[in-house]
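# Survey of secondary and tertiary structure
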Amino acid sequence: MDIIKDILLYSEAKPLLFTRLYFWGFFAVLLLFYSFLYKKNPLRNAYLFIISLFFYYKSGGYFFTLLIFSTIADFTLGQLIYSAKTITKKKLFVGSSIFINLLLLGYFKYTYFFTDLFNIAFKTDFQVINF
């Protein structure tokens, strides 16, 4: 039972990295099942999506929820862009998609930087909360 837990659950001490033997076993199993599904487009795409989510979960823990959020937001906005009748609405939806993705990127890339700048400028001791 512990072996199955180790395989399926994220461990901060043992993330799924390219340099580990576990990754290459994972990759071999992925390719084995992919070889049976490569001609069935919908099933293949669903399989690769689920395996990708599992890979991101095993590599970075719960950050895969950001990937899910970004995927759902972009898919929904893509559908809205397709169904929009005016150029203005299409541009608004494209801008919304860009804004959401840049906001996520900016937060995770620059939060520590801006917090440090703020602490230096105003002599405070704010800390970034890392969930």
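Only a predicted model underlies this, so the values are computations on that prediction, with no experimental measurement involved.

### Here's the deal with the pattern of salt bridges
In total, this model carries one salt bridge according to the counting rule given. A salt bridge links Asp6 to Lys14; its shortest N-O distance comes to 4.0 Å. Among the residues examined, Lys14 registers a relative accessible area of 47% and is labelled partly exposed.

### Digging into the packing of aromatic side chains
The tally for this structure, following the rule as stated, stands at 19 aromatic pairs. Geometrically, the ring pair formed by Phe118 and Phe122 is tilted, given 4.7 Å between the ring centres and 45° between the ring planes. Taken together, the positions of Phe118 and Phe122, both in helix H5 (residues 87-122) and four residues apart, correspond to about one turn of that helix. Looking at Phe118, the relative accessible area reads 38%, which means it is partly exposed. Among the aromatic residues, ring-to-ring pairing joins Phe18, Phe23, Trp24, Phe26, Phe27, Phe54, Phe55 and Tyr56 into one connected group.

### As for the nonpolar core
A general trend in soluble globular proteins is that nonpolar side chains are found buried together. With nine residues, the main nonpolar core is built from Leu16, Phe23, Phe26, Leu30, Leu37, Tyr47, Ile51, Phe54 and Phe55. Elements with a contribution of two residues or more to this core: helix H2 (21-37) and helix H3 (41-60). Once you skip the residues sitting within four places of it in the chain, Leu16 turns out to touch Tyr22, Phe23, Phe26, Phe55, Lys58 and Ser59.

### Topic: a nonpolar patch on the surface
Where nonpolar side chains cluster on the molecular surface, the patch consists of Met1, Ile3, Ile4, Ile7, Leu8, Leu9 and Tyr22 and spans about 740 Å² of accessible area. At four residues, helix H1 (residues 2-8) tops the list of elements feeding residues into the nonpolar patch. Overall, the relative accessible area of 44% leaves Leu9 in the partly exposed class.

About the cut-offs
- Residues numbered from 1 in each chain as written.
- Predicted model: local features only at pLDDT ≥ 70, side-chain atom pairs only at ≥ 80, totals over all residues.
- Heavy atoms only, no water.
- Salt bridge = Lys/Arg side-chain N within 4 Å of Asp/Glu carboxyl O.
- Buried < 20%, exposed > 50% of the residue type's maximum accessible area, 1.4 Å probe, protein only.
- Phe/Tyr/Trp six-rings, centres within 6.5 Å; stacked < 30°, edge-to-face > 60°.
- Helix = DSSP H or I, 4+ residues; strand = E, 2+ residues; numbered from the N terminus.
- Core = buried A, V, L, I, M, F, W, Y, C linked by side-chain atoms within 4.5 Å.
- Contact = heavy atoms within 4.5 Å.
- Patch = residues over 30% accessible without salt bridge, like charges linked within 9 Å, V, L, I, M, F, W, Y side chains within 5 Å.
- Areas by Shrake-Rupley, 256 points an atom, 1.4 Å probe, with all protein chains shown as cover.

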